[in-house]
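Listed below are the residues making up each chain.
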Amino acid sequence: MAKPIMIQGTMSNVGKSVLAGALCRILKEDGYKTAPFKSQNMALNSYITKEGLEMGRAQVMQAEAAGIEPSADMNPILLKPTNDTGSQIIARGRPFGMMSASEYYKRKKEFIPSIMESYRKLDETYDVIVIEGAGSPAEINLKKDDIVNMGMAKLVDAPVLLVGDIDRGGVFAQLVGTIMLLEEEERRRVKGLVMNKFRGDKRILEPGIKQLYDICPIPVAGVIPYVKLDIDDEDSLASRIEPSVYNAHMSDEQ
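Fair warning: this is a prediction, and the values are worked out from it, not measured in the lab. Every chain's residues receive numbers from 1 upward, in the order its sequence appears when written. Local features in this predicted model are restricted to residues of pLDDT 70 or higher, and side-chain atom pairs are both shown and tallied only at a pLDDT of 80 or more, whereas totals for entire chains, interfaces and linings draw on every residue. Hydrogens and water are ignored here; the side-chain numbers use all heavy atoms of the structure.

Asker: Which residues make up the packing of helix H6 (residues 171-181) against helix H8 (residues 206-215), and what values do they have?
Answerer: Contact geometry of H6 with H8 gives a least axis separation of 11 Å together with a crossing angle of 15°. As judged from the angle between their axes, H6 and H8 are roughly parallel. Two packed elements cross with a definite hand, and for H6 against H8 that hand is right-handed. For the pair H6 and H8, contact is made by Phe172, Leu175 and Val176 and by Gly208, Ile209, Leu212 and Ile215, respectively. Polarity classes work like this: nonpolar for Ala, Val, Leu, Ile, Met, Phe, Trp, Tyr, Cys and Pro, charged for Asp, Glu, Lys and Arg, and polar for all others, with Gly in that last group. When the residues that make up the contact of H6 with H8 are grouped by side-chain class, the tally is six nonpolar, one polar and no charged. Orientation is described by axes fitted as lines to C-alpha atoms, over the contacting stretch for helices, and by angles from 0 to 180 degrees between their N-to-C directions. Only DSSP runs of H or I reaching four residues or more are called helices, and only runs of E reaching two or more are called strands; each is numbered from the N terminus. Roughly parallel here means an angle under 35 degrees, roughly antiparallel means over 145, roughly perpendicular means 65 to 115, and every remaining angle is called oblique. Handedness of a helix crossing follows the sense of rotation of the near helix relative to the far helix, less than a right angle counterclockwise being left-handed and clockwise being right-handed. Only heavy atoms matter for contacts: two residues are in contact if any of them lie within 4.5 Å across the pair.

Asker: An account of unusual backbone geometry is needed here, citing residue identities and associated values.
Answerer: Trans is the common state for peptide bonds, and a negative phi is the common state for residues other than glycine. Unusually for a residue other than glycine, arginine 92 sits at a positive phi of about 50°. Among the secondary structure elements, arginine 92 is positioned in the loop between strand E7 (86-91) and strand E8 (94-100). Positive phi is not limited to glycine here, since lysine 197 has a value of about 65°.

Asker: Before we move on, can you summarise the pairing of strand E2 (residues 34-37) with the specific residues and values?
Answerer: Residues Thr34 and Pro36 line one face of E2 and the alternating positions Ala35 and Phe37 line the opposite face, and both faces are buried. By the convention used here, strands pair only if DSSP detects at least 2 bridges between them. Of the strand pairs in this sheet, E2 and strand E9 (residues 128-132) are connected by four bridges, and their pairing is parallel. Each residue of the ladder has a partner; that of proline 36, found in E9, is valine 130. Each residue is placed in one exposure class: buried if its accessible area under a 1.4 Å probe, protein chains only, is under 20% of its type's maximum, exposed if it is over 50%, and partly exposed if it falls in between.

Asker: Hey, could you go over the nonpolar core for me, with residue numbers and the actual values?
Answerer: Counting residues in hydrophobic clusters, the biggest one holds 62 residues, and the most contacted among them are Ile131, Met152, Val190, Leu193 and Met195. Not counting residues within four places of it along the chain, the set of residues in contact with valine 190 comprises Met150, Val160, Leu162, Ile179, Leu182 and Ile218. For this analysis, a nonpolar core means a set of buried residues of the types Ala, Val, Leu, Ile, Met, Phe, Trp, Tyr and Cys, connected via side-chain atoms within 4.5 Å.

Asker: Before we move on, could you go through helix H1 (residues 16-29) and cite the residues and values that matter?
Answerer: Between the first and last residue of a helix there are one fewer steps than residues, each counted as 1.5 Å, and that sum is the expected span. An ideal rise of 1.5 Å per residue puts 20 Å on 14 residues; H1 measures up with 20 Å between its terminal C-alpha atoms. Directly after H1, the chain includes glycine 31, whose backbone phi takes a positive value near 95°.

Asker: Pulling in residues and values, what's your account of the sheet that holds strand E3 (residues 40-42)?
Answerer: Sheet architecture is open: four strands sit in the order E3-E6-E7-E8, paired in mixed fashion. Looking along the sheet, the strands with just one partner apiece sit at the ends: E3 and E8. This sheet shows a mean twist of 25° between the axes of neighbouring strands, independent of strand direction. Note that strand E6 (residues 77-83) and E7 share six bridges and pair antiparallel.

Below, the structure is given as structure tokens:
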């Protein structure tokens, strides 16, 4: 049985995919058989596996980092936007149908058996599963039926690292605000905070990190430097993707 660890973010595009890939590589180099997993992803472009199945490209990058063959079980639900209000649903690599945002929101819990079937296949094979969330776990208008952030963490009893983007500014508010909007059971899952995309001298952060711990006693597990990477964007806020496709309520955040 694999041990899970989950990367969640304070918002979209904080670097969850890259950090999950980094963890996959680190764990591989430490001798662990490791696989990535994201229960629900949204992407305009998909990857086709050797079996002819579709999956999100971020999980392909993460599988490559882990030194394994990509599998559609690593991304059991893929949403491919077709317009401002709907997407094609890909379930375990195969087309399921078209749904509007409101229809998918009402029905998404129906996909939990498929999600867990995919997860169990990885669970039987690997030592560690690095799970990626989507958007933010603090979208309080959507979290009731969450299947990709804290909902997923609860299903597999995964500890969580919460990542904030310091490059955009306001990273302390991002992290504290997200923690404050979580339920007590969810807060207990968060074992560490990560500040991503930092530029400059880390010593400047030290007073803020101390105050952050005083406000919410969760340790800062890492401050990750800003690095430019040539990796395909999938995120709903990625600047290189046409924004109009993502302006609807259907997002990969929940």
